[in-house]
Amino acid sequence: RAASLAFSISPDGRYLLCAAEDPEADRSGLWLGPIGSGPDAWQRIESHPGPQSVPSLSLEGKREGEEERLLLDLRPRLGAWSTGSTRLAHIRLPGEPDGKAAEGSDESTHSLVISSVPPQGEPQVIALRGAVPQDLHWSKDGVRVGFLSERELVVADSATGEAIRLGGVQRVEGFMGWSATGDQMAYLTPADLFPAAYVMLPSGVSLSWQPADRHNLVIARDDGADPESRFSGMQISAARWAHTQPKLSFWATYLPTITAVPPGEPAAVLDLEDGRVSWYPSDVHEYAQVGHYYLVNDRYREAVDFYGDALERLGKDADEQDLAAHLRLWRGISRLQLDNRAGAADDLSSFRGHMRSLAEAEVREAAQAERPPADWTSRPELEADRVLLSTL
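Residues numbered from 1 in each chain as written. Predicted model: local features only at pLDDT ≥ 70, side-chain atom pairs only at ≥ 80, totals over all residues. Heavy atoms only, no water.

1. Quick word on the overall build of the chain
Secondary structure assignment for the chain yields 5 helices and 24 strands. Counting over 392 residues, the chain shows a buried share of 41%. The long-range share in the chain, meaning contacts at least 24 apart out of those at least 6 apart in sequence, stands at 43%. Of the accessible surface of the chain, which amounts to about 21,700 Å², a share of 48% is contributed by carbon and sulfur atoms. (Helix = DSSP H or I, 4+ residues; strand = E, 2+ residues; numbered from the N terminus. Buried < 20%, exposed > 50% of the residue type's maximum accessible area, 1.4 Å probe, protein only. Contact = heavy atoms within 4.5 Å. Areas by Shrake-Rupley, 256 points an atom, 1.4 Å probe, with all protein chains shown as cover.)

What follows is the structure, encoded as structure tokens:
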């Protein structure tokens, strides 16, 4: 029992690892036990696991005079199981309360601990410097442990006890470990599609913008050599390798720099053998997100198909009609690139008609409220052009 708990099952299904945090120190730490066993079979294999936990939820029901209770997210402390479930890698923090070395000190501030399963003898301890690692993964040969430290990719060799930073791999934002066959690794880097810009408009108003966060999904050899971006242009989360095939699943969202593209995070699977991306959108917003992915990658036929799928799933209320107009705008742009001028004219005319109807509604509301209408209502075509240009 503890105030906060997190669990991880070994790949072979035999053991359960528990990260615990409790005001009573003898309950906190990493605990390991066979699944189905009683309390006496559990062992505490680590008293000071890292990284530091953060509050994720405030628990209700506090009694008068009690301190506020917090539920902590302890999952990052669970480390990584080796493929054969014979070893476990996790982070150990120093025993001091603050867990930090003195300023200017060259001493290690934490360690990578490699324990055998079931525990036998003393674990292997590799001293580390810099930020506390995250995204721990074992290589398929059970020798190396890769992780992120200060946005750099580091590989620790359990045979030599050395931790080596992979040269040339800078600003890594996520590490997915090695493929099922062990011959490839995957990680995320920032994708800067264009630089930040600053413009002074004729009205004297300045406008600045910069790209929203987007990622490259990079695939490299098992030693980090020959990196290649295999997917880019969207923000990627929850990426992971398939268990048997050379595929990666993830959630992706197109974060616009200026326009208000509807929020969504469609699931996708990337097949590394043929480069094909299979999408699994669940609602109209996610279909629009996939359409934008193809639009920004100049694959206009696929963009037209997904924008059309999104339009088919729309309802009739006012909010969805506004989204329908923007979907037709984006589909019209794609149709122009395919030289489908008749289809593009229909889509763009529908979008401009929507902008005129918005202007007319604004004029009516302003008259009822006895206030002047917004400036753009006198030239709704210019407002439509502004939306068009911001989309491009």
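Text resumes after the structure shown.
2. What about the pattern of salt bridges?
By the definition in use, this model includes 17 salt bridges. Across the pair Glu152 and Arg165 runs a salt bridge, and its minimum N-O distance is 2.9 Å. Linking Glu152 in strand 14 (residues 152–157) with Arg165 in strand 15 (residues 162–165), this pair joins segments that are 13 residues apart in sequence. Judged by relative accessible area, which is 34%, Arg165 ranks as partly exposed. Sharing partners across several salt bridges, the network here consists of Asp141, Arg144 and Asp222. (Salt bridge = Lys/Arg side-chain N within 4 Å of Asp/Glu carboxyl O.)

3. Details of helix 4 (residues 341–368)
End to end, helix 4 covers 41 Å across 28 residues, agreeing with the expected 40 Å (1.5 Å per residue, within 8%). The complete set of buried residues in helix 4 reads Gly343, Ala344, Asp347, Phe351, His354, Met355, Ala359, Glu362 and Ala366. The positive-phi residue at the C-terminal boundary of helix 4 is Glu370, with phi of around 55 degrees. (Expected span 1.5 Å × (residues − 1).)

4. Thoughts on the sheet that holds strand 1 (residues 4–9)
The strand order across the open sheet formed by 4 strands is 1-2-3-4, and the pairing between neighbours is antiparallel. The open sheet terminates on both sides in strands that have one partner only, identified here as strand 1 and strand 4 (43–46). For this sheet, the mean inter-axis angle between neighbouring strands, taken without regard to orientation, is 30 degrees. In the sheet, strand 1 pairs with strand 2 (residues 15–21) via 6 bridges, with the strands oriented antiparallel. Bridge pairing in strand 2 places Ala6 opposite Ala19. (Pairing = 2+ DSSP bridges. Axes fitted to C-alpha atoms, helices over the stretch in contact; angles between N-to-C directions.)

5. Concerning helix 2 (residues 300–312)
Residues lying three or four places apart along an α-helix face the same way, a consequence of the helix completing one turn every 3.6 residues. Taking 1.5 Å of rise per residue, the 13 residues of helix 2 would be expected to cover 18 Å, and the 18 Å separating its terminal C-alpha atoms lies within 8% of that figure. Buried within helix 2 are the following residues: Tyr300, Ala303, Val304, Phe306, Tyr307, Gly308, Ala310 and Leu311.

6. Section: the sheet that holds strand 23 (residues 267–271)
Taken in spatial order, the 7 strands line up as 16-17-20-21-22-23-24 in an open sheet, and their pairing is antiparallel. Strands with a single pairing partner mark the edges of an open sheet, and in this sheet they are strand 16 (174–178) and strand 24 (277–280). Strand-to-strand twist across the sheet, computed as the mean angle between neighbouring axes with direction ignored, equals 45 degrees. Where strand 17 (residues 184–190) meets strand 20 (residues 215–221), 7 bridges bridge the pair, whose relative direction is antiparallel. Looking at the pairing, Leu188 lines up with Leu217 of strand 20. Contacting strand 21 (228–241), strand 22 (247–253) and strand 24, helix 1 (residues 284–296) runs over the sheet at an angle of about 155 degrees to strand 24.

7. Looking at the layout of surface pockets
Of the volumes computed, that of the largest pocket is approximately 1,300 Å³. Around the largest pocket sit 39 residues that line it, and Gly79, Ala80, Leu136, His137 and Arg240 are the ones nearest its centre. Broken down by secondary-structure element, the contributors of at least two residues to the lining of the largest pocket are strand 8 (80–81), strand 9 (87–92), strand 12 (134–138), strand 16 and strand 21. If you tally residues by element for the lining of the largest pocket, the top one is strand 21, at 6 residues. (1 Å grid on protein atoms, 1.4 Å probe; cavity = no way out; pocket = protein on both sides within 12 Å on 5 of 7 lines; lining within 4 Å. Points joined across faces, edges and corners; volume = space filled by probe spheres on them.)

8. Quick word on the environment of Ser28
Of note, Ser28 is situated in the loop between strand 2 and strand 3 (29–34). Owing to a relative accessible area of 9%, Ser28 belongs among the buried residues under this scheme. Note: C-alpha distance between Ser28 and Ser4 (24 residues apart in sequence) is 9.1 Å. Beyond its immediate chain neighbours, meaning those up to four positions away, Ser28 contacts Ala20, Glu21, Asp22 and Arg44.

9. Details of the nonpolar core
One finds Leu217, Phe231, Phe250, Trp279 and Leu327 to be the most contacted residues of the largest nonpolar core, which totals 45 residues. Here Phe231 is in contact with His215, Asn216, Leu217, Ile236, Phe250, Ala252, Leu270, Val277, Trp279 and Tyr293, once residues within four sequence places are set aside. (Core = buried A, V, L, I, M, F, W, Y, C linked by side-chain atoms within 4.5 Å.)

10. Description of the environment of Pro76
Along the polypeptide, Pro76 turns up in the loop between strand 7 (70–73) and strand 8. For Pro76 and Gly50, which are 26 residues apart along the polypeptide, the C-alpha to C-alpha distance reads 7.6 Å. In contact with Pro76, other than residues within four places in its own chain, are Gly50 and Pro51.

11. Describing the pairing of strand 21
Bridge analysis of strand 20 against strand 21 gives 5 bridges, and the strand direction is antiparallel. Residue pairing for strand 21: Leu217 is matched across the bridge by Phe231. Hairpin connection, strand 20 to strand 21: the antiparallel pair is bridged by 6 residues, and Gly224 has positive phi, about 90 degrees. As judged from the 5 bridges shared by strand 21 and strand 22, these two strands associate in the antiparallel manner. Within strand 22, the residue paired with Ser237 across the bridge is Trp251. Here strand 21 hands over to strand 22 after 5 residues, the two strands then running antiparallel side by side.

12. Some remarks on the packing of aromatic side chains
Per the stated rule, a full pass over the model turns up 9 aromatic pairs. Taken together, a centroid distance of 6.1 Å and an interplanar angle of 55 degrees make the contact between Phe231 and Trp279 tilted. Separated by 48 residues along the polypeptide, Phe231 in strand 21 and Trp279 in strand 24 bring together distant segments of the chain. Judged by relative accessible area, which is 11%, Trp279 ranks as buried. One aromatic cluster in this structure is built from Phe231, Phe250, Trp279, Tyr287, Tyr293, Tyr294 and Phe306. (Phe/Tyr/Trp six-rings, centres within 6.5 Å; stacked < 30°, edge-to-face > 60°.)

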